Amino acid sequence: MAKGTTIEVKNLNTWFGRKHILKDISCYFEDNCVTGVMGPSGCGKSTWLRTINRLNDTVGSFRMTGEIFIEGKDIYAPTADVYSLRRRVGMVFQRPNPFPMSIKDNITFGPKLHGINDGDELDEIVETTLKKAALWDEVKDNLEQPGTTLSGGQQQRLCIARALSVDPPVLLMDEPVSSLDPLSASKIEDLIVELKKDYTIILVTHNVQQAFRVSDRAAFLYLGELVEFDKTAKIAEAPSDPRTEAFITGRIG
Amino acid sequence: MDDVKSQLRLDENEAYEETEDTGYHPKAFNEFERWFKRQTTIHGRRDLKDLLFKMLLSVVVIIVCMPFFMVLIQVGTVGMGVLLGSGPGQGLDFFLSTPGPGLQGGVLNAIAGTAYLVGIAMLVGVPLSLFGAIYITEYTRPGFMRSSVEFAADVLAGIPSIVFGAFGFTFLVIYLRIGMGMLAGGLTLAFMMIPTVLRTTQEALRQVPMSLREASLALGATKWTTTWKITIRAAFPGIITGVLLAMGRVMGETAPLIFTSGNNLGLPTSVTGPGSWVASMPYTVWSYISDPRNYVNDKAQATALTLMGMVLLIDLIANFISRKVTRRLV
Ligand SMILES: Nc1ncnc2c1ncn2[C@@H]1O[C@H](COP(=O)(O)OP(=O)(O)OP(=O)(O)O)[C@@H](O)[C@H]1O
Ligand SMILES: [Mg+2]
């Protein structure tokens, strides 16, 4: 069983082409807690998240300076292995995106990539991850059914299970409930709270209430600048920057 | 304004009265009559214009559809006569025997020939177009190279097939000295297929949401694995549909084969060389229809009917795959 790990970001700057997106961000993500990242649309939340599993590397115009350490290792070091990094940093996307294959194959895809081929072991992974994602009871009799036939909320939990299938200590979630109905959304929020026991979770949202409900620590990002990063309770009570206050009271964003 | 309103109310009343007036006629006829009345009742100049326009449109529709039905009736009746008949070269024999003396037999040579030619075309054309499309779409960034390949493919897809025939003859038959026959014909069909399959494959790949690729990469998959296991898998129905449609199209082409495949009243005995001359269904239709003998003309119709049936079947399969899977993905 994985335990969460810490993530340290040092002087991170990123660009898409000549557009400066993230501006000199430094911070420290604690392990085994949920850090909520808030901010108005387009301020760079997704970009930030995607630097942590190096998914931005696939964008041609992306450029960055600065360092990110996971468990003390610089993930952008020339010798760093991007594939094993991504194995250790799971990601859940804004829209549910199950692979066009069965529920079971959706879960086993990751483990198989990393050399697990034993049938029993894979079955075990399918069961434990689906249970962790609170989906097992709903799908245990239909594991061969295509993942795309599930409801939106179920699909998103399947995607969470898929992310957990390779047992990553870190889980990145990019507005995982914004495309779902309220009931599915609250189910997934509960799930996130449950998961933080074992994972370091970074949850991007532009829903302030959700950040307050779910997260232990919160970051406020505004136009690419890290304006505030503190305990959620502290930010909810007395934000130290007027822009944060304006955002959480709904005046900007 | 008021005028129009009262007019409308009047219309409603009339319609209401008409619905009352059932019982005399069988239901379907009654409905048709009501429909027809509604179409033809004239209340003013606007309605008249409307009616005239509707009539004009109906005439246009009939003219547009007529060739289709005429082809179907002509090819269908004459062709069916041969396919259902029991003489020499009729019925099942039509599919199972070669023409023989006086072209009295069936067209097995043409059916098998088309199968060989299309088989070679697919064997060569499909992998090339698939790899091409995958490389262009997944491994290059938008830019000069990508747009020039796409432009070239679009232009090629629009070129008349006789030009491919001429190219196949000069390049394959003469310049490369392959000689006429199965290989030259099949390769020419492959050239014709490549642009279409390339473009439809590209389109299918492009339909795959970026986040599906990213989900795979985020699990630690390589680009290669992502492309083969996720992207192509998601695009597969679209790819197959494109391949089938292109296959249906080249099956019916005569022009690319006239100078490249030759013709053969028997079955080919080799892939290249003189023994490889091969018949094909469209070519056979063409040569049989210009024959002075009546029963040979009839066999041309039967061949055409068979070819149409085959292409229709392929299109139906393509349609089925694409519809079934769009439902699954959306
Ligand atoms: N692949 C890309 N190429 C070029 N520019 C990009 C790319 N992805 C994002 N950007 C730009 O980077 C900026 C930040 O985008 P990002 O997606 O990180 O915002 P966000 O905070 O996640 O917004 P939202 O809340 O709407 O998801 C935007 O101005 C966007 O236009
Ligand atoms: Mg975003």
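Residues numbered from 1 in each chain as written. Chains lettered and ligands numbered in written order. Predicted model: local features only at pLDDT ≥ 70, side-chain atom pairs only at ≥ 80, totals over all residues. Heavy atoms only, no water.

A. View of the overall build of chain A. Secondary structure summary: chain A contains 10 helices and 10 strands in total. Over its C-alpha trace chain A gives a radius of gyration of 18 Å, about what one expects of a compact globule, namely 18 Å for 253 residues. In terms of overall dimensions, chain A has a C-alpha envelope of 55 × 45 × 30 Å along the principal axes. The proportion of buried residues among the 253 residues of chain A is 56%. Considering only residue pairs separated by 6 or more positions, chain A has 68% of its internal contacts joining residues 24 or more positions apart. Of note, chain A has its 30 positive side-chain charges centred 5 Å away from the centre of its 35 negative side-chain charges. (Helix = DSSP H or I, 4+ residues; strand = E, 2+ residues; numbered from the N terminus. Rg over C-alpha atoms; globule rule 2.2 N^0.38 Å. Buried < 20%, exposed > 50% of the residue type's maximum accessible area, 1.4 Å probe, protein only. Contact = heavy atoms within 4.5 Å. Lys, Arg positive; Asp, Glu negative; His and termini not counted. Charge placed at Lys NZ, Arg CZ, Asp CG, Glu CD.)

B. How the structure looks around helix 3 (residues 45-84) of chain B. Residues and elements named next belong to chain B. For helix 3, built from 40 residues, the straight-helix expectation of 58 Å at 1.5 Å per residue is met to within 8% by its first-to-last C-alpha distance of 55 Å. Along its length, helix 3 reaches its greatest deviation from straightness, about 35°, at Met 66, and the proline Pro 67 lies no more than four positions downstream. Those residues of helix 3 that sit buried are Leu 51, Val 75, Gly 76, Gly 79, Val 82 and Leu 83. (Expected span 1.5 Å × (residues − 1). Bend = angle between axes of the 7 residues up to and from the residue.)

C. Focus on the interface of chain A and chain B. Taken together, the contact pairs 26 residues of chain A with 19 residues of chain B. Taking both sides of the interface into account, the surface hidden between chain A and chain B amounts to around 1,900 Å²; carbon and sulfur atoms contribute 68%. The three residues of chain A that bury the most area against chain B are Tyr83(A), Pro100(A) and Phe109(A), which together make up 27% of that side's buried surface. Seen at the junction of chain A and chain B, the total is one salt bridge. With a closest N to O distance of 2.9 Å, Arg50(A) and Glu214(B) form a salt bridge. In this assembly, chain A and chain B are joined by three residue pairs in polar contact (both at pLDDT 80 or more). Elements supplying a minimum of two residues to the side of chain A that touches chain B: helix 2 (82-88), strand 6 (89-92), helix 3 (103-113) and helix 6 (152-164) of chain A. Among the residues forming the side of chain A that touches chain B, the class breakdown is 14 nonpolar, eight polar and four charged. (Buried area = accessible area lost by both parts, 1.4 Å probe. Salt bridge = Lys/Arg side-chain N within 4 Å of Asp/Glu carboxyl O. Polar contact = N/O pair within 3.5 Å; in protein donor to acceptor, adjacent residues only side chain to side chain. Nonpolar A, V, L, I, M, F, W, Y, C, P; charged D, E, K, R; others polar.)

D. Representation of the environment of Asp57(A) in the model. Residues and elements named next belong to chain A. When you line up the elements, Asp 57 lands in the loop between helix 1 (45-52) and strand 4 (62-70). The spatial distance from the C-alpha of Asp 57 to the C-alpha of Val 82 is 9.6 Å, given a sequence separation of 25 residues. Not counting the four nearest positions on each side in its chain, Asp 57 is found in contact with Phe 62, Tyr 76 and Arg 86.

E. Seen up close, the site of ligand 1. Residues and elements named next belong to chain A. Ser 41, Gly 42, Lys 45, Ser 46 and Thr 47 are the nearest of the 14 residues found near ligand 1. Gly 44 is positioned such that a nitrogen or oxygen atom in its backbone is 3.0 Å from an oxygen atom of ligand 1. For ligand 1, an oxygen atom lies 2.7 Å from a polar atom in the side chain of Lys 45. Contact with the protein chains covers 64% of the free accessible surface of ligand 1, which is 630 Å². (Near = heavy atom within 4 Å. Areas by Shrake-Rupley, 256 points an atom, 1.4 Å probe, with all protein chains shown as cover.)

F. Molecular detail of the packing of aromatic side chains. A full pass over the atoms with the stated rule returns 17 aromatic pairs over all chains. Taking the centre distance of 5.2 Å and the plane angle of 10° together, the rings of Phe167(B) and Phe171(B) count as stacked. With Phe167(B) and Phe171(B) both in helix 7 (residues 161-175), this residue pair falls four residues apart, about one helical turn. It is Arg63(A) that lies over the ring of Trp15(A); its NZ or CZ is 4.5 Å from the centre. Over the ring of Phe99(A) we find Arg162(A); its NZ or CZ atom is 4.3 Å from the centre of that ring. (Phe/Tyr/Trp six-rings, centres within 6.5 Å; stacked < 30°, edge-to-face > 60°. Lys NZ or Arg CZ within 6 Å of the ring centre and 35° of its normal.)

G. Structural context of the nonpolar core. Counting 90 residues, the largest nonpolar core has Ile7(A), Val9(A), Trp48(A) and Ile52(A) as its most contacted members. Tallying contributions element by element places helix 10 (residues 223-251) of chain B first for this core, with 11 residues. When near neighbours in sequence (up to four residues on either side) are disregarded, Val9(A) contacts Ile25(A), Ser26(A), Cys27(A), Phe29(A), Trp48(A), Glu67(A) and Ile68(A). Val139(A), Ile160(A), Leu191(A) and Leu195(A) belong to the second largest nonpolar core, which has 33 residues in total. (Core = buried A, V, L, I, M, F, W, Y, C linked by side-chain atoms within 4.5 Å.)

H. Seen up close, the packing of helix 3 of chain A against helix 6 of chain A. Residues and elements named next belong to chain A. Viewed as axis vectors pointing N to C, helix 3 and helix 6 meet at an angle of 30°, and their least axial separation amounts to 7 Å. In this view, helix 3 runs roughly parallel relative to helix 6, as classed from their interaxial angle. For helix 3 against helix 6, the interelement crossing comes out right-handed. Note on element contacts: helix 6 touches helix 3 through Leu 158, Ala 161 and Arg 162, opposite Ile 103, Asn 106 and Ile 107. Split into classes, the residues belonging to the contact of helix 3 with helix 6 amount to four nonpolar, one polar and one charged. (Axes fitted to C-alpha atoms, helices over the stretch in contact; angles between N-to-C directions. Parallel < 35°, antiparallel > 145°, perpendicular 65-115°, else oblique. Left-handed = near helix turned anticlockwise from the far one by under 90°.)

I. Quick look at the pairing of strand 8 (residues 200-204) of chain A. All names here are of chain A. In terms of residue burial, strand 8 counts as a mostly covered element, since five of its five residues are buried. Residues Thr 200, Ile 202 and Val 204 line one face of strand 8 and the alternating positions Ile 201 and Leu 203 line the opposite face, and both faces are buried. Relative to strand 8, strand 3 (residues 34-38) runs parallel, the two sharing four bridges. In the sheet register, Thr 35 faces strand 8, and the bridge partner there is Ile 202. Pairing of strand 7 (residues 170-174) with strand 8 involves five bridges; the strand directions are parallel. Paired with Leu 172 across the strands is Ile 202, a residue of strand 8. After leaving strand 7, the chain enters helix 7 (residues 182-195) and then returns to the sheet as strand 8, a path that is right-handed. (Pairing = 2+ DSSP bridges. Right-handed = clockwise from strand over helix to strand, strands pointing away.)

Interpretation note: all reported values are geometric properties and have no functional meaning in isolation.
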